[in-house]
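Chain and residue survey
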Amino acid sequence: MFKFKKKDSEFFDLFVESANYFYKGALMMDEVMLDYSKAADKVKEIIDLEHQADRVNDKIIDKLNLTFITPIDREDIYALANGLDDGVDYLQGTLQRIVMYRTGKAMSGAVTMTKLLIESTEEIIRAFSLLKDIRKNQAQILDATHKIAQLESEGDRVYRHEIAYLFDKEKDPIALIKWKDILEKLEDTLDHCEKMSDMIRGVVMKYA
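In this report, the structure presented in the accompanying data block is examined. (Residues numbered from 1 in each chain as written. Predicted model: local features only at pLDDT ≥ 70, side-chain atom pairs only at ≥ 80, totals over all residues. Heavy atoms only, no water.)

A word on the packing of aromatic side chains
Following the criterion strictly, the structure yields two aromatic pairs and no others. The interplanar angle of 70 degrees and the centroid separation of 6.2 Å between the aromatic rings of phenylalanine 12 and phenylalanine 15 together place this pair among those described as edge-to-face. Here phenylalanine 15 and phenylalanine 12 lie together in helix H1 (residues 9–34), a separation of three residues that amounts to about one turn. Judged by relative accessible area, phenylalanine 12 falls into the buried class, the value being 2%. (Phe/Tyr/Trp six-rings, centres within 6.5 Å; stacked < 30°, edge-to-face > 60°. Helix = DSSP H or I, 4+ residues; strand = E, 2+ residues; numbered from the N terminus. Buried < 20%, exposed > 50% of the residue type's maximum accessible area, 1.4 Å probe, protein only.)

Shown next as structure tokens:
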């Protein structure tokens, strides 16, 4: 039976910590989508959040450089760590666009996509929380990755609907450009969640 040494659990604890920053960023996005007046403050908060996420990523990389035998492949640890950190970067970039563009009240589809991001990052946390014992938790981990794929598919559907709505109904070309860009960034972030789930699924295939 495949087991991890107790001393190696720090990698997985750091993964969960990093995943929580991704989730917190999605919550910040949701607050802005529901109340645009919070946008400027939330940009400041997510910049601080991104710095905290960077510090966790640095801890993982530093530990990786100092650890001779790792619980999973070094390449997987490196890819998972950077993937989680990139997720916060996606959200930061989107929030900054919302402020720069002075978008005002959010489109309903953007709100829906943000809710899907919250659910996706919750599932990412769940998957990483179970990685300490891959064989025991295989079914639960794969269930989480399956749900992320479903959420991403729903996000694609919402994205296509909202883009079609913009080109059909939006008379202001500037507003169209603004929201098209923001919707694309939200979809990119949901795609990134699915990419993370694929990476987790790959680790499970190696070690379960």
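There's more to say after this.
Here we look at the packing of H1 against helix H2 (residues 39–66)
Their axes nearest at 10 Å, the elements H1 and H2 cross at an angle of 165 degrees. Here H1 lies roughly antiparallel to H2, going by the angle between them. Where H1 crosses over H2, the handedness of that crossing is left-handed. For the pair H1 and H2, contact is made by Glu10, Phe11, Leu14, Phe15, Glu17, Ser18, Tyr21, Lys24, Gly25, Met28, Glu31 and Val32 and by Ala39, Lys42, Glu45, Ile46, Leu49, Gln52, Ala53, Val56, Lys59, Ile60, Lys63 and Leu64, respectively. (Axes fitted to C-alpha atoms, helices over the stretch in contact; angles between N-to-C directions. Parallel < 35°, antiparallel > 145°, perpendicular 65-115°, else oblique. Left-handed = near helix turned anticlockwise from the far one by under 90°. Contact = heavy atoms within 4.5 Å.)

Let's talk about the pattern of salt bridges
Throughout the structure, instances matching the rule amount to 16 salt bridges. Note that arginine 126 is salt-bridged to aspartate 143, the shortest N-O span being 2.8 Å. Here the residue arginine 126 occupies a position in helix H4 (residues 108–129), and aspartate 143 occupies one in helix H5 (residues 134–169), the gap between them amounting to 17 residues. For arginine 126, a relative accessible area of 25% puts it in the partly exposed group. Residues joined in a network through salt bridges with shared partners are Glu31, Lys38, Lys42 and Glu45. (Salt bridge = Lys/Arg side-chain N within 4 Å of Asp/Glu carboxyl O.)

What to know about the environment of isoleucine 98
By the element assignment, isoleucine 98 lies in helix H3 (residues 74–101). Judged by its relative accessible area of 1%, isoleucine 98 falls in the buried class. Considered as a pair, isoleucine 98 and alanine 39 are 59 residues apart in the sequence and their alpha carbons are 7.4 Å apart. For isoleucine 98, the contacting residues outside a window of four places in its chain are Met29, Val32, Met33, Tyr36, Ala39, Thr103 and Ile182.

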